[in-house]
Amino acid sequence: MEKLRYERPLIKRLESEMPNKFGMKAEHFPKSHIDGVAVKDLIEAHGSPLFVLSEKTIRNTYQRAKKAFSTRYPKVQFAWSYKTNYMDAVCNIYHQEGSWAEVVSGFEYDKAIKNGVPGKRIIFNGPDKTIADLTKAIQNESLIHIDHLDELYTIVELTETIKKRPRVAIRVNMDTGVYPMWDRFGFNYENGQAWDALNKIMASGKMDLIGLHTHIGTFMLSAKAYGVAARKLADLALGLKRKYNHEVKYIDLGGGFPSKNTLKGAYLPGNDTNPVFDDFAEEIASALLNAEFSPDALPLLILETGRALVDDAGFLLGTVISNKRSSKGKRSTIIDIGVNLLFTSFWYDHKITPAQDFTHFNEETTVFGPLCMNIDVIRESAVLPLLNKGDHFVIHTVGAYNMTQWMQFITLRPRIVLIGLDEKVHIIREAETMDSFNKFENMPDYLKKFEL
Ligand SMILES: *Cc1c(COP(=O)(O)O)cnc(C)c1O
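Residues numbered from 1 in each chain as written. Predicted model: local features only at pLDDT ≥ 70, side-chain atom pairs only at ≥ 80, totals over all residues. Heavy atoms only, no water.

(A) Geometry of the pairing of strand E5 (residues 100-103). Side chains Trp100 and Glu102 of E5 all project onto a buried face; the interleaved residues Ala101 and Val103 project onto the opposite face, where all are buried too. In terms of strand pairing, strand E4 (residues 76-81) meets E5 through three bridges, oriented parallel. What sits directly across from alanine 79, in E5, is tryptophan 100. A crossover connection joins E4 to the parallel E5 through helix H3 (residues 88-97); in handedness this β-α-β unit is right-handed. (Buried < 20%, exposed > 50% of the residue type's maximum accessible area, 1.4 Å probe, protein only. Helix = DSSP H or I, 4+ residues; strand = E, 2+ residues; numbered from the N terminus. Pairing = 2+ DSSP bridges. Right-handed = clockwise from strand over helix to strand, strands pointing away.)

What follows is the structure, encoded as structure tokens:
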């Protein structure tokens, strides 16, 4: 074994914001490997920073979620939320597991088709579906979740020229006891907008109303809210049965389950406190089973879970650039990962673990990114062992939204690799290059020359 590194002893002041007088527990073990592959080797081969996804974790988490719901309710279908992570390789893992696709734009719709998802297995959400998008979706028999009346009327209009009957659902927003309420998408339940839309669809006779949808929020910390949502959608479904003798095929409760991340300002780590799949499944399944559906007419339960399925499977590896002290003496560590790559650091305290052995000394540290911007802070305050220039570290739980919301700012985006079940490393997205970036730029002739 390597000789332990010497580090100077340190006298520490107790911080008032710490959970107890001994301070926050620091990580006790380095994260030197991901699924059997050494972090050091990954960075050597693919550069730093580097996004790494674990296929094993993706599949395990999916299977855990599936089990939580299917052991409590007989008809369950997941649909992968493309915007959460639409790397094709990631989408296809979910499709191999049996997930349909849930998309919110024409771009995502085309991605799902290109990945080979049958049109009938694509759920099309979102407020901005163009006429071309809707035409395609109708022709492919996709599930169109209507967001507003203008969209409803456009679909009615399209049925004049397209021979197929659109398969539609409406998106419903509602008061589930969690505020602020997400009421900007779909039709409101409490004020009668939802019924108004349903009546218009039924009266038109031009579409097949096959489902009811809601997506009540994201990173929802209340499982009970989903029970409320399921009861309200069940109420609409039963109302349709009473009024029109019409049965919807499915109830779609959207996504919004939290991952294990810790929200900024949370007192305890998300891993210990956030509700898990079983909590949500219990609320939702009970609400649907206890509603007055006849047992042979239970609707299919669709879930569009994104974040909670993929967040854990993503890691961001990086390298320490420098250490310095703030004007008040607080340790500051500058790393090669900024908010351009880790968009979610605006609302999470991401866990950071050194990738090599460290000593038991730790210190409250501000972790800064490399961008020349004051807001480029990855952690305001993290209790970390001492990381030195050139050391590697792993940022955990970054699989959701970062690979779709990342920004190109003063630098190029890095590679993404997937570690397969066989522990082989696959490049699933190349690093950007100056050439790939410049492909989109054009220089007018008269600007080509200058002298300085
Ligand atoms: C974003 C989104 C999802 C996924 O949400 P998560 O919070 O990541 O689970 C599901 N459905 C719709 C309509 C969405 O917009």
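That was the structure; now back to the text.
(B) The pairing of strand E13 (residues 314-325), seen in detail. Pairing of strand E3 (residues 50-54) with E13, which is carried by four bridges, proceeds in the antiparallel orientation. Counted as the bridge partner of leucine 53 is glycine 314 from E13. Where E13 meets strand E18 (residues 392-395), four bridges bridge the pair, whose relative direction is antiparallel. Each residue of the ladder has a partner; that of leucine 316, found in E18, is isoleucine 395. Pairing of E13 with strand E14 (residues 331-335), which is carried by five bridges, proceeds in the antiparallel orientation. In the sheet register, lysine 324 faces E14, and the bridge partner there is serine 332. Once E13 ends, the chain turns through five residues before running back antiparallel as E14, passing glycine 329 with a positive phi of about 95 degrees.

(C) Representation of unusual backbone geometry. Cis geometry is found at the peptide bond from serine 48 to proline 49, where omega equals 0 degrees. With respect to the helices and strands, the residue proline 49 is situated in the loop between helix H1 (39-46) and E3. Look at the link from tyrosine 179 to proline 180: it is a cis peptide, with omega at 0 degrees. Relative to the assigned elements, proline 180 resides in the loop between strand E8 (167-173) and strand E9 (187-188). For aspartate 35, which is not glycine, the phi dihedral falls at a positive 45 degrees. Given a relative accessible area of 17%, aspartate 35 falls into the buried group. At asparagine 245, a residue that is not glycine, the phi angle is positive and equals roughly 50 degrees. By relative accessible area, asparagine 245 is classed as exposed at 59%.

(D) Spotlight on the packing of aromatic side chains. Taken as a whole, this structure holds 17 aromatic pairs when the rule is applied. For the pair phenylalanine 219 and tyrosine 348, a centre-to-centre distance of 5.4 Å together with 50 degrees between the ring planes defines the contact as tilted. Residue phenylalanine 219 is found in the loop between strand E10 (208-213) and helix H8 (224-244), and its partner tyrosine 348 is found in the loop between E14 and strand E15 (352-354); the two are separated by 129 residues along the sequence. Given a relative accessible area of 9%, phenylalanine 219 falls into the buried group. Arranged with centres 4.3 Å apart and planes meeting at 20 degrees, the rings of phenylalanine 257 and phenylalanine 280 form a pair that is stacked. Here phenylalanine 280 lies in helix H10 (residues 277-290) and phenylalanine 257 lies in the loop between strand E11 (250-252) and helix H9 (270-273), a separation of 23 residues in the sequence. For phenylalanine 257, a relative accessible area of 1% gives the class buried. What links up through ring pairs into an aromatic cluster is the set Tyr62, Phe69, Phe78, Trp80, Tyr94, Tyr226, Phe257, Phe277 and Phe280. If you follow lysine 129 out to its NZ or CZ, it ends over the ring of phenylalanine 124, 5.7 Å from the centre. (Phe/Tyr/Trp six-rings, centres within 6.5 Å; stacked < 30°, edge-to-face > 60°. Lys NZ or Arg CZ within 6 Å of the ring centre and 35° of its normal.)

(E) Broad picture of the site of the ligand. With respect to spatial proximity, 16 residues lie near the ligand, and among them Lys83, Thr218, Gly256, Glu304 and Tyr401 are the closest. Measuring from an oxygen atom of the ligand, one finds a side-chain N or O atom of threonine 218 at 2.5 Å. Protein chains bury 95% of the 390 Å² of accessible surface belonging to the ligand in isolation. For the shell around the ligand, the residue count by class is one nonpolar, ten polar and five charged. (Near = heavy atom within 4 Å. Polar contact = N/O pair within 3.5 Å; in protein donor to acceptor, adjacent residues only side chain to side chain. Areas by Shrake-Rupley, 256 points an atom, 1.4 Å probe, with all protein chains shown as cover. Nonpolar A, V, L, I, M, F, W, Y, C, P; charged D, E, K, R; others polar.)

(F) How the structure looks around helix H6 (residues 149-158). Buried residues of H6: Glu151, Leu152, Ile155, Val156 and Leu158, and no others. The arc that holds the buried residues of H6, viewed along the axis, is 160 degrees, so those residues lie on one side. Within H6, the exposed residues directed more than 90 degrees away from the buried face are Asp150 and Glu157. Packing partners of the buried residues in H6 comprise helix H5 (131-139), strand E7 (143-146), E8 and helix H7 (193-204). (Arc of directions from axis to C-beta. Contact = heavy atoms within 4.5 Å.)

(G) Focus on the packing of H8 against H10. Viewed as axis vectors pointing N to C, H8 and H10 meet at an angle of 25 degrees, and their least axial separation amounts to 8 Å. With respect to H10, the element H8 is oriented roughly parallel. Crossing angle aside, the handedness with which H8 passes H10 is right-handed. Every residue of H10 that contacts H8 at Lys224, Tyr226, Gly227, Ala230, Arg231 and Ala234 is listed here: Phe280, Glu283, Ile284, Ala287 and Leu288. (Axes fitted to C-alpha atoms, helices over the stretch in contact; angles between N-to-C directions. Parallel < 35°, antiparallel > 145°, perpendicular 65-115°, else oblique. Left-handed = near helix turned anticlockwise from the far one by under 90°.)

(H) Structural view of the environment of tyrosine 244. By the element assignment, tyrosine 244 lies in helix H8. Taking relative accessible area as the criterion, tyrosine 244 reaches 29% and is therefore assigned partly exposed. Residues in contact with tyrosine 244, not counting those within four places in the same chain, are Trp195, Asn199 and Met202. At 2.7 Å, the side chain of tyrosine 244 and the side chain of asparagine 199 are in polar contact.

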